[in-house]
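Analysis of the macromolecular model
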Amino acid sequence: MTSPLQPRTVARCPLDGVAAAVGTVGELCAGPAIGIRFHEFAAPYDQVVQPLCWLGPGDRATYDLHTASVPPIRLYRMGGGTLIFGKGLLVRDGTLIELDRYGFHELGRFDYPFNAGFLQLEGTMARIAPPARVRVIDEPCILLSQGGEAVWGHWLLDLWPRLIMALSAPMRVRIILDADVAPWVAGMLRNAGIGPDRVIWHDKGRETLLADDVYVPGFLRWRSAVSPWVNLAWNLFPAAPGAGPQRLYVSRTRTGAGSSLSNAAEIEAMAVRRGYTLVHPESLPLDRQVALFAGATHVVGEAGSALHNTAFSPAGTRVGVMLSPTGFIRILQAGIGHVRAQPTGFAFGDPAGDARRITMPGALATELLDAMDAVS
């Protein structure tokens, strides 16, 4: 039985300062896990992503910056005993492993409020207080846990591609996931041939895992720059379109958070007059969502997870995004459109309260819809 953990001070070290590269994924997976090694499937690169249209007061410089740099695609393997707690906090040999934001966009972040309860940074050191209860994992596993596990967009953009990338390696492992995930996660895992017996449910707030052999897949995006490797994951969903409408307006009026548009009824009515059908993806099972978006030629809606379902749409589908120009600019749709060859335009409304809420001027919405129909 492993003794309960006690708070203590540990050193800090960047992951790439202690990780060694190997030439093939077969070499990475062969034999026992020793130290920290990684295989790089694809090198990082820079790119330029042009929007279909750019309407309103949005910050184009932020768009260009956040879509410019695609991160390396890497799979790490850690042997010899790794403590796992919080949202991706890793401690080995008395050292807190620092995962850089470029390669691990939402994993092991020290600035997460949830992680703040487990550590306090002190210069080159860190004071850690992981959950005292330890569960030993003595079989190979994949650390899939990260921030945003309960959000559909993070599953589609981050967790699902990370999982499929890791499963491309010649190994049979179990998957570490947060014990509190959304009900649709089981359906996604089944699509990858993973049943409940292969999942290690981690109660992050109450236990620390001690893994002898853990694989840690990096992220396939940095900010809004998405690697084309995500297509390996997204193409696993059945692509046969249903007999539904081809022009979709993605409404958010029935979600828990509600629409970000203060004049949602006006804009939705305008879209319907232009031949769009209002859809509420959150009310549909996953297979129907996939079929609906697989048959779409035009998709318009507010920035957010529901609109990310254009990952299921074919190349050439035109996408229009309405969003706020203030606060965090939600332009991740640009990265999806780029790797799926879907022209994607943006219209920024007038702030209407908090950073998320906007009023979309009718004239600006008309410009966006016109751009969707313009022949290139």
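Preceding this paragraph is the structure being described.
Described in the following lines is the structure provided in the data block. Model, not experiment: these values are computed from the prediction.

Parameters and conventions
Residues numbered from 1 in each chain as written. Predicted model: local features only at pLDDT ≥ 70, side-chain atom pairs only at ≥ 80, totals over all residues. Heavy atoms only, no water. Helix = DSSP H or I, 4+ residues; strand = E, 2+ residues; numbered from the N terminus. Rg over C-alpha atoms; globule rule 2.2 N^0.38 Å. Buried < 20%, exposed > 50% of the residue type's maximum accessible area, 1.4 Å probe, protein only. Contact = heavy atoms within 4.5 Å. Areas by Shrake-Rupley, 256 points an atom, 1.4 Å probe, with all protein chains shown as cover. Lys, Arg positive; Asp, Glu negative; His and termini not counted. Charge placed at Lys NZ, Arg CZ, Asp CG, Glu CD. Pairing = 2+ DSSP bridges. Axes fitted to C-alpha atoms, helices over the stretch in contact; angles between N-to-C directions. Expected span 1.5 Å × (residues − 1). Salt bridge = Lys/Arg side-chain N within 4 Å of Asp/Glu carboxyl O. Phe/Tyr/Trp six-rings, centres within 6.5 Å; stacked < 30°, edge-to-face > 60°. Lys NZ or Arg CZ within 6 Å of the ring centre and 35° of its normal.

1. A few points about the overall build of the chain
- A count of helices and strands for the chain gives 10 helices and 25 strands.
- In terms of C-alpha radius of gyration, the chain reaches 22 Å, essentially the compact-globule figure of 21 Å for 376 residues.
- Along the first, second and third principal axes, the C-alpha atoms of the chain reach 65 × 40 × 35 Å.
- Within the chain, the proportion of its 376 residues that are buried is 57%.
- For the chain, long-range pairs separated by at least 24 residues make up 74% of all intrachain contacts whose partners lie at least 6 apart in sequence.
- Carbon together with sulfur atoms contributes 56% to the accessible area of the chain, which is approximately 15000 Å² in total.
- The averaged location of the 33 negative side-chain charges in the chain is 3 Å from the averaged location of its 33 positive side-chain charges.

2. Some remarks on the sheet that holds strand 22 (residues 318-323)
- Read from one edge to the other, the open sheet built from 6 strands follows the order 5-23-22-21-19-20, with strand pairing classed as parallel. Every other strand in the sheet has two partners, leaving strand 5 (54-55) and strand 20 (277-279) as the edge strands with one partner each.
- Summarising the sheet, strand 19 (residues 247-250) and strand 20 pair through 3 bridges and their orientation is parallel. Counted as the bridge partner of L248 is T277 from strand 20.
- Sitting on the sheet, helix 9 (residues 332-339) is in contact with strand 22 and strand 23 (344-348), with an inclination near 165 degrees to strand 23.
- Against the sheet, helix 10 (residues 362-373) engages strand 5, strand 19, strand 21 (298-302), strand 22 and strand 23, with an angle of about 165 degrees to strand 22.

3. Looking at helix 10
- Compared with an ideal rise of 1.5 Å per residue, which puts 12 residues at 16 Å, helix 10 spans 17 Å between its outermost C-alpha atoms and is within 8% of the ideal.
- In this fold, the buried residues of helix 10 make contact with strand 5, helix 7 (264-273), strand 21, strand 22 and strand 23.

4. Some words on unusual backbone geometry
- Of note in the backbone geometry, D93 takes a positive phi value of approximately 50 degrees without being a glycine.
- Turning to its location among the elements, D93 is positioned in the loop between strand 8 (89-92) and strand 9 (95-98).
- A positive phi angle, near 55 degrees, is found at A341, a position not held by glycine.
- The residue A341 is located in the loop between helix 9 and strand 23 in this model.
- On the basis of relative accessible area, A341 is assigned to the partly exposed category, the value being 47%.

5. Observations regarding the pattern of salt bridges
- One pass over the structure, following the stated rule, counts 17 salt bridges.
- One salt bridge connects E149 with K204, and the closest N-O pair in it is separated by 2.7 Å. With E149 in the loop between strand 13 (141-143) and helix 4 (152-167) and K204 in the loop between strand 15 (199-202) and strand 16 (207-217), this pair connects stretches of sequence that are 55 residues apart.
- For K204, a relative accessible area of 3% gives the class buried.
- R247 is the partner of D373 in a salt bridge, and the nearest nitrogen-oxygen pair spans 3.2 Å. Taken together, the residues D373 in helix 10 and R247 in strand 19 connect sequence positions 126 residues apart.

6. Some words on the packing of aromatic side chains
- Scanning the model with the defined rule gives 14 aromatic pairs in all.
- Where W54 meets Y63, the ring centres are 4.9 Å apart and the plane angle is 65 degrees; that geometry is what we call edge-to-face.
- Looking at Y63, the relative accessible area reads 1%, which means it is buried.
- When the ring of F85 is compared with that of F118, the centres are 6.0 Å apart and the planes differ by 80 degrees; the resulting orientation is edge-to-face. In this pair, F85 is assigned in strand 7 (residues 73-85) and F118 in the loop between helix 3 (113-116) and strand 10 (119-122), connecting sequence segments 33 residues apart. Neither residue differs from the other here; F85 and F118 are each classed as buried.
- Lying across the ring of Y112, R109 places its NZ or CZ 4.8 Å from the centre.
- Over the ring of Y276 we find R247; its NZ or CZ atom is 4.6 Å from the centre of that ring.

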